[in-house]
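One letter stands for each residue in the lines below.
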Amino acid sequence: PKSNTNGMRFTQLYNCARCCPSRASILTGMYPHQAGIGHMVYDAGVGPEYQGYLRQDVPTIAELLKKTYTTQDDDDDDTQHHDGGGYATYMVGKWHVGGEYPPDATHDWIQSTMGDETHPIPTQRGFDEFYGTL
């Protein structure tokens, strides 16, 4: 990215042909497999590359822009605290990088999954405010 007085311009992006992997790359600056979304938002059961939600050890752009942020290593549960940029962060629109919400199990969405370890929501990944769909 190039920084200037009007903000930041991103000059390269690989479209992953699907919304979830492309969105994971935009939010993290990593290849989708590195971010945990190698295909879509379901857990394929073959490792962290295909877990279907953003990995805890990969910060989002919102976490990097905040005053401070925390990462947790998926392998050994080691938590690290970092200094960020001090910005307020907001997200509007489709999240779709926080695990699967099956359409036939809507009763489970809020009660047992939304915001848990495998279904992180934007306000758990650095955004101060969020208005949109998960």
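K.L.:
Would you take a moment to explain the nonpolar core for this structure?
P.N.:
Here is a general trend for soluble globular proteins: nonpolar side chains tend to be buried in one another's company. Within the largest apolar cluster, twelve residues are counted, these being Cys20, Ala24, Leu27, Ala35, Ile37, Val41, Leu54, Ala62, Met91, Trp95, Val97 and Phe127. Ignoring sequence-local partners within four residues, the contact set of Ile37 consists of Cys20, Pro21, Ala24, Pro32, Glu49, Gly52, Tyr53, Leu54 and Val97.

K.L.:
How should I be thinking about the layout of surface pockets in this particular structure?
P.N.:
Any empty space left between the atoms is revealed when a probe the size of a water molecule rolls over them. Estimated volume of the largest pocket: approximately 460 Å³. Lining the largest pocket are 17 residues, with Gln12, Leu13, Ser25, Gly29 and Met30 positioned closest to its centre. Sorting the residues of the lining of the largest pocket by element identifies α1 (19-28) and α3 (61-65) as the ones contributing at least two each. Top contributing element to the lining of the largest pocket by residue count: α1, with four residues. Considered class by class, the residues forming the lining of the largest pocket number twelve nonpolar, five polar and no charged.

K.L.:
Would you mind showing me how to read the pattern of salt bridges here?
P.N.:
Note that side chains of opposite charge can pair when their charged atoms are close. Counted according to the given criterion, the structure contains three salt bridges. One salt bridge in this structure joins Arg55 and Asp57, with 2.8 Å as the shortest N-O distance.

K.L.:
Sorry if this is basic, but what is going on with the side chain of Thr89 here?
P.N.:
Within the secondary structure, Thr89 sits in the loop between β4 (79-83) and β5 (90-94). Beyond its immediate chain neighbours, meaning those up to four positions away, Thr89 contacts Ala62, Leu65, Lys66, Gly126, Phe127, Asp128 and Glu129.

K.L.:
Before we go on, may I ask you to explain α1 in this structure?
P.N.:
Side chains three or four residues apart in an α-helix point the same way, a direct result of the helix having 3.6 residues per turn. In terms of burial, α1 is largely enclosed, as seven of its ten residues are buried. Taken together, the buried positions of α1 are occupied by Cys20, Pro21, Ser22, Ala24, Ser25, Leu27 and Thr28. Looking at the buried side of α1, the elements it contacts are α2 (32-35) and α3. Of the residues trailing α1, Gly29 is marked for its positive phi of about 75 degrees.

K.L.:
Is there a simple way to think about the environment of Asp43 in this case?
P.N.:
With respect to the secondary-structure elements, Asp43 resides in the loop between α2 and α3. Using a relative accessible area of 52% as the deciding quantity, one classes Asp43 as exposed. Not counting the four nearest positions on each side in its chain, Asp43 is found in contact with Tyr50 and Gln51. From its side chain, Asp43 meets the backbone nitrogen of Gly45 in a polar contact 2.8 Å long.

Each value, and the rule that gives it
Residues numbered from 1 in each chain as written. Predicted model: local features only at pLDDT ≥ 70, side-chain atom pairs only at ≥ 80, totals over all residues. Heavy atoms only, no water. Core = buried A, V, L, I, M, F, W, Y, C linked by side-chain atoms within 4.5 Å. Buried < 20%, exposed > 50% of the residue type's maximum accessible area, 1.4 Å probe, protein only. Contact = heavy atoms within 4.5 Å. 1 Å grid on protein atoms, 1.4 Å probe; cavity = no way out; pocket = protein on both sides within 12 Å on 5 of 7 lines; lining within 4 Å. Points joined across faces, edges and corners; volume = space filled by probe spheres on them. Helix = DSSP H or I, 4+ residues; strand = E, 2+ residues; numbered from the N terminus. Nonpolar A, V, L, I, M, F, W, Y, C, P; charged D, E, K, R; others polar. Salt bridge = Lys/Arg side-chain N within 4 Å of Asp/Glu carboxyl O. Polar contact = N/O pair within 3.5 Å; in protein donor to acceptor, adjacent residues only side chain to side chain.

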